Amino acid sequence: MSERTRRRPWLAALLALVVSGLGHAYLRRWARGLGWYLAVAAAVFVFVPESAISGALAGDPPAVSEVAPAAAVVVASVVDAYVVAVRHNRGSERDRDRRRATDSPAAVPGPDGASAEVTGGESESESGETIRCPECGRETDPTFDFCQWCAEPVGEGDA
């Protein structure tokens, strides 16, 4: 599994404000970024009068009411980029916590109620009984009829 890097939500929002969709591109959400870019372009094309666009290009700022619909779509894009970055970072933290939990030894109850140690995703009871999964090759709990790692059935003759 590749490690997800943390993203800066404020940078994603700033980039989305500069060019719609750019904040999402920074987050590597290509389709979402293209969608926001097209949404802003469509809002400008449909809702902003041509006189406001030509006036803005000539140096005459348009009235707020003329560009309000397009500005609302831009603001929504900025907020979405920020929220997506925050959710991405939460997912990164959960992935990191999951990796730590499987990499560090932890005492868990074994099949007979005795304590067993879990390291790197392998379990073994104190009596040493384990079954190796024929599909993924990892050690699995002998009391289960399936591998708890890949969910493949584990037969009696696979010990």
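Residues numbered from 1 in each chain as written. Predicted model: local features only at pLDDT ≥ 70, side-chain atom pairs only at ≥ 80, totals over all residues. Heavy atoms only, no water.

Asker: Any chance you could explain the nonpolar core here in plain terms?
Answerer: Nonpolar side chains in soluble globular proteins generally cluster together in the buried interior. Among the nonpolar cores identified, the biggest contains 11 residues, and these are A12, A13, A16, Y26, L27, V40, V74, V78, A81, V84 and A85. Of all the secondary-structure elements, those providing two or more residues to this core are α1 (9-18) and α5 (64-103). If one sorts the elements of this core by residue count, α5 sits on top with five residues. Ignoring sequence-local partners within four residues, the contact set of A81 consists of A12, A13, A16, G23, H24 and L27. (Core = buried A, V, L, I, M, F, W, Y, C linked by side-chain atoms within 4.5 Å. Buried < 20%, exposed > 50% of the residue type's maximum accessible area, 1.4 Å probe, protein only. Helix = DSSP H or I, 4+ residues; strand = E, 2+ residues; numbered from the N terminus. Contact = heavy atoms within 4.5 Å.)

Asker: What's the story with α1 in this structure? I'm lost.
Answerer: Along an α-helix, residues three or four positions apart point the same way, because every turn accommodates 3.6 residues. Those residues of α1 not exposed but buried are P9, A12, A13 and A16. Viewed end-on, α1 has its buried residues packed into an arc of 95°, placing them on one side of the element. Within α1, the exposed residues directed more than 90 degrees away from the buried face are W10 and V18. (Arc of directions from axis to C-beta.)

Asker: Is there a simple way to explain the environment of E93 in this structure?
Answerer: Secondary-structure assignment places E93 in helix α5. On the accessibility criterion, E93 (32% relative accessible area) is partly exposed. Along the chain, E93 and R6 lie 87 residues apart, while their C-alpha atoms are 8.6 Å from each other.

Asker: Looking at this structure, how should I read the pattern of salt bridges?
Answerer: Opposite charge on two side chains makes pairing possible when the charged atoms of those side chains draw close. Overall, the coordinates contain two salt bridges when judged by the stated rule. In this structure, the salt-bridge partner of D80 is R32, at a minimum N-O distance of 2.9 Å. Placement of D80 in helix α5 and of R32 in helix α3 (residues 30-47) is noted, with a sequence separation of 48 residues between them. For E139, the salt bridge is made with R132, and the minimal N-O distance between the two is 3.1 Å. (Salt bridge = Lys/Arg side-chain N within 4 Å of Asp/Glu carboxyl O.)

Asker: Looking at this structure, I do not really get a nonpolar patch on the surface. What am I missing?
Answerer: Taken together, the side chains of W10, L14, L17, V18, V19, L22, L34, Y37 and L38 make up a nonpolar region of the molecular surface, amounting to roughly 910 Å² of accessible area. The set of elements that each furnish at least two residues to the nonpolar patch consists of α1 and α3. The biggest single contributor to the nonpolar patch is α1, with four residues. Residue placement: V19 occurs in the loop between α1 and α2 (22-26). (Patch = residues over 30% accessible without salt bridge, like charges linked within 9 Å, V, L, I, M, F, W, Y side chains within 5 Å. Areas by Shrake-Rupley, 256 points an atom, 1.4 Å probe, with all protein chains shown as cover.)

Asker: Help me out: how do you make sense of the confidence of the model for the protein chain in this one?
Answerer: For the protein chain, mean pLDDT is 81; residues scoring 70 or higher make up 78% of the total. Here residues 118-126 is a poorly scored stretch, pLDDT under 50, and it has 30 contacts once near neighbours within four places are set aside; other chains count. (pLDDT = per-residue confidence, 0-100.)

Asker: What's the story with the side chain of E139 in this structure? I'm lost.
Answerer: Here E139 shows up in strand β5 (residues 139-140). On the accessibility criterion, E139 (12% relative accessible area) is buried. A polar contact of 3.1 Å, which involves the side chain of E139, links it to the side chain of R132. (Polar contact = N/O pair within 3.5 Å; in protein donor to acceptor, adjacent residues only side chain to side chain.)

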